[in-house]
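Okay, here's what each chain looks like letter by letter:
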Amino acid sequence: MGELSCFLAQNAVKAENEMYVASRRFLGTDQKPMKWEIQAIPSTEDEALRKECTKRVPVAGKRGQYSQETDYNLYLGKLAAQSTVFPDLKDKELQDSYGVMGDDKLLKTMLTAGEYANYLEKVQEVNGFDISMNELVEEVKN
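Residues numbered from 1 in each chain as written. Predicted model: local features only at pLDDT ≥ 70, side-chain atom pairs only at ≥ 80, totals over all residues. Heavy atoms only, no water.

**Student:** When you look at the side chain of Thr84 in this model, what are you seeing that I'm missing?
**Tutor:** Counting through the fold element by element, Thr84 comes out in strand E5 (residues 84-86). Within the structure, Thr84 has its side chain in polar contact with the side chain of Tyr119 (distance 2.6 Å). Filtering out sequence-adjacent residues up to four positions away, Thr84 remains in contact with Trp36, Glu37, Leu89 and Tyr119. (Helix = DSSP H or I, 4+ residues; strand = E, 2+ residues; numbered from the N terminus. Polar contact = N/O pair within 3.5 Å; in protein donor to acceptor, adjacent residues only side chain to side chain. Contact = heavy atoms within 4.5 Å.)

Laid out in structure tokens, this is it:
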């Protein structure tokens with residue numbers, strides 16, 4: 001029972017934010033690419049995002065029956081926006097400069113298609129979605 005204290009909030013190792021160059025097109029005053037700051041979000045926020053991106057759709061041929069469908073492109077965009085600490089995607093001036101409203105729309109507008117795909121991959125990694133079950137099993141064995 002003594003090991004239970006390892007799970008107390010004050011003993012948990014905090015997930016550290018990661019710095020990532022999402023694009024080489026945004027240069028700082030030193031003419032080097034700006035690093036974006038990405039944080040892992042709690043699973044409660046992730047669940048809310050998933051719920052927001054899920055809709056009920058009627059089951060074909062079965063009157064009155066519905067299934068749930070998640071728009072994963074929308075979900076990943078919202079996850080990326082929620083996980084981005086810097087730049088502040090909610091900043092009105094930044095959104096206005098690109099002519100968009102909404103942090104997820106701003107992110108898609110700021111980055112090229114390839115940059116955006118790579119950024120989504122990095123955001124998923126920071127949030128722990130990159131670890132396969134085999135890797136977890138091996139880690140537990142060691």
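From this point, the discussion proceeds with the structure in view.
**Student:** Which parts of the structure should I look at to understand the environment of Met19?
**Tutor:** With respect to the secondary-structure elements, Met19 resides in strand E1 (residues 18-20). Taking the C-alpha atoms as reference, Met19 lies 9.1 Å from Gln39; in sequence the two are 20 residues apart. The contacts of Met19, once residues within four sequence positions are left out, are Lys35, Trp36 and Glu37.

**Student:** How do you make sense of the nonpolar core when you look at a structure like this?
**Tutor:** Soluble globular proteins: nonpolar side chains tend toward being buried together. Ranked by internal contacts, the top residues of the largest apolar core, which has 23 residues, are Trp36, Leu79, Leu107, Leu111 and Tyr119. For this core, the elements supplying multiple residues, two or more each, are strand E2 (36-38), helix H2 (72-83), helix H4 (103-110) and helix H5 (113-126). Apart from the residues lying within four places of it in its own chain, the contact partners of Leu111 are Ala22, Ser23, Arg25, Phe26, Trp36, Tyr116 and Tyr119. (Core = buried A, V, L, I, M, F, W, Y, C linked by side-chain atoms within 4.5 Å. Buried < 20%, exposed > 50% of the residue type's maximum accessible area, 1.4 Å probe, protein only.)

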